[in-house]
Structure formats: structure tokens, C-alpha cells
Amino acid sequence: MKDFDVVVVGGGPAGATAAHEAAQRGQSVLLLDRDGRTKPCGGAIPPRLMRDFAIPESLLVAAPPARA
Ligand SMILES: Cc1cc2nc3c(=O)[nH]c(=O)nc-3n(C[C@H](O)[C@H](O)[C@H](O)COP(=O)(O)OP(=O)(O)OC[C@H]3O[C@@H](n4cnc5c(N)ncnc54)[C@H](O)[C@@H]3O)c2cc1C
């Protein structure tokens, strides 16, 4: 049996972000999710997230045309 400072139930974007933030603050974290979860997603992200999460443009599969 192990103790954790933080237990996050649900590893979607909200739970994963909470777990990541807690771990970055030095807390021991257990992140739980259901077994065999299939996450439906269109794969689209807001442009601001590229900056916020330092995602390299080389990982983009497609992008909308630049605005005039
Ligand atoms: C078909 C579809 C396409 C989408 N496409 C996009 C897209 O292209 N771009 C985009 O930005 N957003 C997209 N979304 C929206 C995006 O999926 C949600 O905004 C996002 O997942 C919400 O994050 P969340 O962490 O709040 O919840 P969720 O992602 O739903 O995470 C909740 C987690 O909790 C877990 N959980 C629940 N109950 C329990 C339990 N009792 N025990 C353990 N674990 C549990 C679930 O398994 C899940 O992993 C799409 C949504 C759908 C349905």
C-alpha cells in the first residue's frame, strides 16, 4: 500500500492537467482512469494551446488557412 498526496480520478484533459500541475509542485500523484477507455476526438485544438503547451508546428497534420 502506498500513500499519495493527490489522487485524481479521470485522466481526460482536466484530470491530466490537474495531475501534471500537482506533480510539478512536487506532490506525489496517482492518476486513475477506467480500463479500456476509447476517447473519441476530432484531433482539433485551439491555436493558443500550441503556445501554452509548447507544441511544435511540425506535429500539425493540418491547419486552417491564415486569416487576412
Ligand atoms: C466525438 C467527440 C470529438 C471531440 N473532438 C474534440 C476535438 O477535436 N478537439 C477538442 O478540443 N475537443 C474535442 N472534444 C471535446 C473534448 O473531448 C472534451 O472537451 C474533453 O474531453 C473534456 O475533458 P475532461 O477532462 O473534462 O473530461 P473527459 O475527457 O471526459 O475525461 C473524464 C475522464 O474521467 C474518466 N472517468 C469518469 N468516471 C470515472 C470513474 N468512476 N473512475 C475512473 N475514471 C473515470 C473517464 O474515463 C475520462 O477519461 C470532442 C468530444 C467528443 C465527444
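Residues numbered from 1 in each chain as written. Predicted model: local features only at pLDDT ≥ 70, side-chain atom pairs only at ≥ 80, totals over all residues. Heavy atoms only, no water.

### Some details on the site of the ligand
Around the ligand, the surrounding shell holds 15 residues, and the nearest of these are A14, D33, R37, K39 and A44. A distance of 3.0 Å separates an oxygen atom of the ligand from a polar atom in the backbone of G43. Between the ligand and A44, the relevant distance is 2.5 Å, taken from a nitrogen atom to a main-chain nitrogen or oxygen of the residue. Isolated, the ligand exposes 990 Å² of accessible area, and the fraction of that covered by the protein chains is 50%. In terms of residue class, the shell around the ligand is made up of six nonpolar, five polar and four charged. (Near = heavy atom within 4 Å. Polar contact = N/O pair within 3.5 Å; in protein donor to acceptor, adjacent residues only side chain to side chain. Areas by Shrake-Rupley, 256 points an atom, 1.4 Å probe, with all protein chains shown as cover. Nonpolar A, V, L, I, M, F, W, Y, C, P; charged D, E, K, R; others polar.)

### Remarks on the confidence of the model for the chain
A low pLDDT score tells you not to read the predicted coordinates there in detail. When the pLDDT values of the chain are averaged, the result is 90; 100% of them are 70 or greater. Summarising per-element confidence for the chain, the mean pLDDT is lowest in helix α2 (residues 47-52) (90) and highest in strand β1 (residues 6-9) (98). (pLDDT = per-residue confidence, 0-100. Helix = DSSP H or I, 4+ residues; strand = E, 2+ residues; numbered from the N terminus.)

### Observations concerning the pattern of salt bridges
Within the structure shown, the criterion is met by two salt bridges. E21 is paired through a salt bridge with R25; the nearest N and O atoms lie 2.9 Å apart. On the basis of relative accessibility, which here comes to 62%, the residue R25 falls in the exposed class. (Salt bridge = Lys/Arg side-chain N within 4 Å of Asp/Glu carboxyl O. Buried < 20%, exposed > 50% of the residue type's maximum accessible area, 1.4 Å probe, protein only.)

### Considerations on the environment of R34
Structurally, the position occupied by R34 is in the loop between β2 (29-32) and α2. Residue classification places R34 among the exposed positions, given a relative accessible area of 73%. Distance in space between the C-alpha atoms of R34 and R48 is 29 Å, their sequence separation being 14 residues.

### Overview of the environment of P65
Tracing the backbone shows P65 in the segment after α2. In this structure, the C-alpha to C-alpha distance between P65 and K39, residues 26 residues apart in sequence, is 28 Å.

### Some points on the pairing of β2
Pairing of β1 with β2 involves four bridges; the strand directions are parallel. Opposite V6, over in β2, you have V29 as the bridge partner. Running through helix α1 (residues 13-24), the crossover from β1 to the neighbouring parallel element β2 is right-handed. (Pairing = 2+ DSSP bridges. Right-handed = clockwise from strand over helix to strand, strands pointing away.)

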